[in-house]
Amino acid sequence: MTTLLINCNTALMASRTKRKKGYSVVRAATDKLSKAVTVEKTELRKAGKLAAWTSIRQERWEGELQLQGEIPLWLNGTYLRNGPGLWHIADYYFRHLFDGYATLVRLHFHHGRLVASHRQIESEAYKAAKKNNRLCYREFSEAPKPDGFFSYVGGLAQLFSGASLTDNANTGIVRLGDGRVVCLTETVKGSIQIDPETLGTIGRFVYTDGLGGLIHSAHPVVTETELVTLLPDLVRAGYTVVRMEAGTNERRVVGRVECRGGPAPGWVHSFTMTEHYVVVPEMPLRYSAENLLRAEPTPFYKFEWRPESGSYVHVMCKASGRVVASVEVPPFVTFHFINAYEAVDDDGRITAIIADCCEHNANASILDKLRLQNLQSLTGQDVLPNARVGRFRIPLDGRSAGTLESALDPEEHGRGIDMCSINPTYQSRPYRYAYACGAQRPCNFPNTLTKIDLLERKAKNWHDKGSIPSEPFFVARPGATEEDDGVVISMVSGQDGEGYALILDGSSFEEIARAKFPYALPYGLHGCWIPEAAIG
Ligand SMILES: CC1=C(/C=C/C(C)=C/C=C/C(C)=C/C=C/C=C(C)/C=C/C=O)C(C)(C)CCC1
Ligand SMILES: [Fe+2]
């Protein structure tokens, strides 16, 4: 079957190189492919497995998808999604969702038609693993096994020089203001530029500033003019806030935040910003040098759960780099901030910062729930820990404490929430709607798409029994004046082993169109949108 798929793939690639723009329907290849796919679907059905948690079947593929429903004619551009899609190397199988080698998926929308493709990112970690048939770098939960004390000492040196850390950029994907597209993970060296048309790997995105830093947030805040990110400092617990202007590779220091708890900084998978401030979270799930060095995963992986160290939110002025507030908040666990904005009084003075996130009820057990074995075997069991939209209110009047409350009743979205997006026009501004994955219980993983109305404190939910949708990504209609005027794109793994791209109306949250993939794709994490005008 693999050979057949690769042959189809070659036909598709050849047809692609023949054309410049537009679409060619590659029927012969698609027919061959559908035979191969029938065999594959039968296998998946027998195994009773979602394709979501199964490695991608081949390195690359491209073809036009058949549609049910109609794609709005204004939706012209490219949606790219990144994620860990390959969880084995030779006969060695990774254990955790976040370990997989990066797989890119592309949906190209043009005048109501849809061409899809996928391809592996050629990181050094992936290439080395393929060449040597073994794991060669430290991934999220896995590490090459040390073979004695001296290699442990070597491991320490290699860890702190960054040499042993992976560059497997399997988490985020951003389009910089200058048009470059960069895939990211939490190692600085795992910033990889890709070609948004071919999905080819262009090469490492090299920061030319000499700031170094081994790790950073997987989710920088990106606008047309800049990229802002956080560099956690594991030696002197703190965070450096840096800013890189579009068109450059040079990060400049905005300022530094000292951690208030210790001994290490809290994990910052993401953070958020308002128009004038950077919101720096310090949660009690802290980096752990000891766990970073371990070859075997711990329940909190590279982190430690230290509730006694306290939970804080710091607010830094973007213009001056001064920390204008540093408050203690109730314990929290978040991986994804949704958005933040400034609350102003009647005189227009900024009195507080409002910052929203997907908050896991101060319980980090979700990390262990994302082991592949749990995801594959606990389908239908109600083991997904509860989560809510957590709203921080950080006063700017010198008070020492901030608040954290649920922005709406978590039952509205089945007590599950993560993988969120908003209308990007509202980034860092007051906003009303967020889109995310929610839950219809019983479930072991978020299995719905949910539209959260933060004003009415209500949610609209989309669900397809037994299926797993990935992050709903909002694309605004050009010229829209309403915040939710646009569409939401997601990719879904069905319980029958099939998979499809799904388009929902951003306002009604009703399905507008779906397009079946010839074979289902693994689960993916985050996406970005490149409007056609930007592709040229
Ligand atoms: C932590 C270090 C590393 C790796 C970090 C990676 C790959 C982190 C990826 C985190 C992700 C994808 C978090 C997503 C969370 C999603 C959730 C909680 C969804 C919940 C659904 O309900 C290394 C780079 C390997 C080394 C330094 C430390
Ligand atoms: Fe993320």
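In this text, all values refer to a predicted model and were calculated from it rather than measured experimentally. Each chain carries its own residue numbering, running from 1 in the direction its sequence is written. A letter from A marks each chain and a number from 1 marks each ligand, given out in the order of writing. Per-residue local features are limited, in this predicted model, to residues with pLDDT of at least 70; the limit for side-chain atom pairs, both in listing and counting, is 80 or more; totals at the level of whole chains, interfaces and linings are taken over all residues. Side-chain figures throughout are based on the complete set of non-hydrogen atoms in the structure, without hydrogens or water.

### Side note on the coordination of the iron ion (ligand 2)
Then comes step 1: Coordination of the iron ion (ligand 2) by the protein is provided by His219 (NE2), His269 (NE2), His336 (NE2) and His526 (NE2), with metal-donor distances spanning 2.1 to 2.2 Å.
Then comes step 2: Here the iron ion (ligand 2) binds four donor atoms, and the angle range of 93 to 162 degrees at the metal identifies the geometry as irregular.
Then comes step 3: Only nitrogen, oxygen and sulfur atoms qualify as donors, provided they sit within 2.8 Å of the metal or within 3.2 Å for Na, K and Ca; with water excluded from the atoms, sites may seem incomplete. Mapping the donors of the iron ion (ligand 2) onto the primary sequence yields the spacing H-x49-H-x66-H-x189-H. Taken together, the residues His219 in the loop between strand E12 (201-204) and strand E13 (221-222) and His526 in strand E36 (residues 526-531) connect sequence positions 307 residues apart. Side by side, His219 and His526 carry an identical accessibility label, which is buried. Site shape is set this way: if four donors have all angles between 85 and 135 degrees, tetrahedral; if opposite donors are over 155 degrees apart and all others between 65 and 115, square planar for four donors and octahedral for six; otherwise irregular. Labels follow the DSSP assignment, with helices taken as runs of H or I lasting at least four residues and strands as runs of E lasting at least two, numbered in each case from the N terminus. The buried label applies to any residue whose accessible area, calculated with a 1.4 Å probe on protein chains only, is under 20% of its type's maximum; exposed applies above 50%, and partly exposed to all values in between.

### Here's the deal with the UniProt feature "binding site: Fe cation" (unreviewed entry) in the protein
Then comes step 1: UniProt marks His219, His269, His336 and His526 with the feature "binding site: Fe cation" (unreviewed entry), using the numbering shown here. Across 308 residues in sequence, these annotated residues keep their C-alpha atoms within 12.7 Å of one another, forming a single compact spot.
Then comes step 2: Inspection of the secondary structure puts His269 in the loop between strand E16 (251-258) and strand E17 (272-273).
Then comes step 3: Residue contacts are defined here by distance: any two heavy atoms, one from each residue, within 4.5 Å place the two residues in contact. The contacts of His269, once residues within four sequence positions are left out, are Thr171, Glu186, Ser217, Ala218, His219, Phe335, His336 and His526.
Then comes step 4: Inspection of the secondary structure assignment puts His336 in strand E23 (residues 334-344).
Then comes step 5: Among all residues touching His336, those that are not within four sequence positions of it are His219, His269, Ser270, Cys357, Cys358, Asp418, Met419, Cys420 and His526.
Then comes step 6: We call two N or O atoms a polar contact when they sit within 3.5 Å, provided that within protein one can donate a hydrogen and the other can accept it, with sequence-adjacent residues counted only if both atoms are side-chain atoms. Of the polar contacts made by the side chain of His336, one reaches the side chain of His269; its length is 3.1 Å. UniProt positions are given in the numbering used here, feature names are shortened, and annotations may be inferred rather than shown by experiment.

### Details of the site of ligand 1
Then comes step 1: Here a residue counts as near a molecule or strand whenever at least one of its heavy atoms sits within 4 Å of it. What surrounds ligand 1 is a group of 20 residues, the closest being Phe98, His269, Phe303, Phe335 and Pro446.
Then comes step 2: Each accessible area value is a Shrake-Rupley result obtained with a 1.4 Å probe; residue values ignore everything except the protein chains displayed when judging cover. Starting from 690 Å² of accessible surface for ligand 1 in isolation, the protein chains cover 98%.
Then comes step 3: Tallied by class, the residues present in the shell around ligand 1 amount to 11 nonpolar, five polar and four charged. Gly counts as polar in this scheme, as do all residues outside two lists: the nonpolar Ala, Val, Leu, Ile, Met, Phe, Trp, Tyr, Cys and Pro, and the charged Asp, Glu, Lys and Arg.

### Quick notes on the side chain of Ser421
Then comes step 1: As for its position among the elements, Ser421 is in strand E27 (residues 417-421).
Then comes step 2: Given the relative accessible area of 10%, Ser421 is considered buried.
Then comes step 3: In this view, Ser421 contacts Ala434, Tyr435, Pro472, Phe473 and Phe474; residues no more than four positions away in its chain are not counted.

### Looking at the packing of aromatic side chains
Then comes step 1: Pairing of aromatic rings covers Phe, Tyr and Trp, the last through its six-membered ring, and needs centres within 6.5 Å; plane angles under 30 degrees mean stacked, over 60 mean edge-to-face, and all others mean tilted. Evaluation of the coordinates by the stated rule reveals 21 aromatic pairs.
Then comes step 2: For the pair Trp267 and Phe303, a centre-to-centre distance of 4.0 Å together with 20 degrees between the ring planes defines the contact as stacked. Here Trp267, found in the loop between E16 and E17, pairs with Phe303, found in strand E20 (residues 303-305); they are 36 residues apart in sequence, far enough to count as distant.
Then comes step 3: When its relative accessible area of 4% is taken as the criterion, Phe303 is described as buried.

### Quick word on the environment of Leu375
Then comes step 1: Turning to its location among the elements, Leu375 is positioned in helix H7 (residues 372-377).
Then comes step 2: Spatially, the C-alpha atoms of Leu375 and Ala52 are 9.1 Å apart, while their sequence positions differ by 323 residues.

### As for the sheet that holds strand E28 (residues 433-438)
Then comes step 1: Across the sheet, which stays open at both edges, the four strands sit in the order E27-E28-E29-E30 with antiparallel pairing between neighbours. The two strands at the open ends of the sheet, each matched to only one other strand, are E27 and strand E30 (458-463). Taken over all neighbouring pairs, the strand axes of this sheet differ in orientation by 30 degrees on average, direction set aside.
Then comes step 2: The pairing of E27 with E28 spans three bridges and is antiparallel. Paired strands are those between which DSSP finds at least two bridges. Axis lines are fitted through C-alpha atoms, for helices just across the contact stretch, and the angle between N-to-C directions can take any value from 0 to 180 degrees.

### Some remarks on the pattern of salt bridges
Then comes step 1: Here, a salt bridge means any Lys or Arg side-chain nitrogen found within 4 Å of an Asp or Glu carboxyl oxygen. Following the criterion strictly, the structure yields 35 salt bridges and no others.
Then comes step 2: Note that Glu224 is salt-bridged to Arg175, the shortest N-O span being 3.4 Å. With a gap of 49 residues between them, Glu224 in the loop between E13 and strand E14 (226-233) and Arg175 in strand E9 (residues 172-175) connect regions that are remote in the sequence.
Then comes step 3: Judged by relative accessible area, Glu224 falls into the exposed class, the value being 54%.
Then comes step 4: Here Glu411 ties to Arg415 by a salt bridge, and the two come within 3.1 Å at their closest N and O atoms.

### Observations regarding the nonpolar core
Then comes step 1: Ranked by internal contacts, the top residues of the largest apolar core, which has 106 residues, are Trp53, Leu107, Phe109 and Phe392.
Then comes step 2: With 20 residues, the next largest nonpolar core counts Ile354, Tyr431, Ala436 and Ile452 among its residues. Residue types Ala, Val, Leu, Ile, Met, Phe, Trp, Tyr and Cys, when buried and joined through side-chain atoms within 4.5 Å, form a set referred to as a nonpolar core.

### What to know about the environment of Asn170
Then comes step 1: Turning to its location among the elements, Asn170 is positioned in the loop between helix H4 (149-161) and E9.
Then comes step 2: Among the residues examined, Asn170 registers a relative accessible area of 3% and is labelled buried.
Then comes step 3: Separated by 86 residues in the primary sequence, Asn170 and Pro84 have C-alpha atoms spaced 5.2 Å apart.
Then comes step 4: Leave out the neighbours within four places in its chain, and Asn170 touches Asn82, Gly83, Pro84, Phe98, Asp99, Gly100, Ala102, Leu184, Thr185 and Leu525.
Then comes step 5: Looking at Asn170, its side chain comes within polar contact range of the main-chain oxygen of Gly100, at 2.9 Å.

### Regarding the environment of Ala439
Then comes step 1: With respect to the helices and strands, the residue Ala439 is situated in the loop between E28 and strand E29 (448-453).
Then comes step 2: C-alpha separation for the pair Ala439 and Glu412, spaced 27 residues apart in sequence, amounts to 9.5 Å.
Then comes step 3: Each residue touching Ala439, except ones within four places of it in the same chain, is listed here: Leu384, His413, Gly414, Gly416, Asn447 and Thr448.

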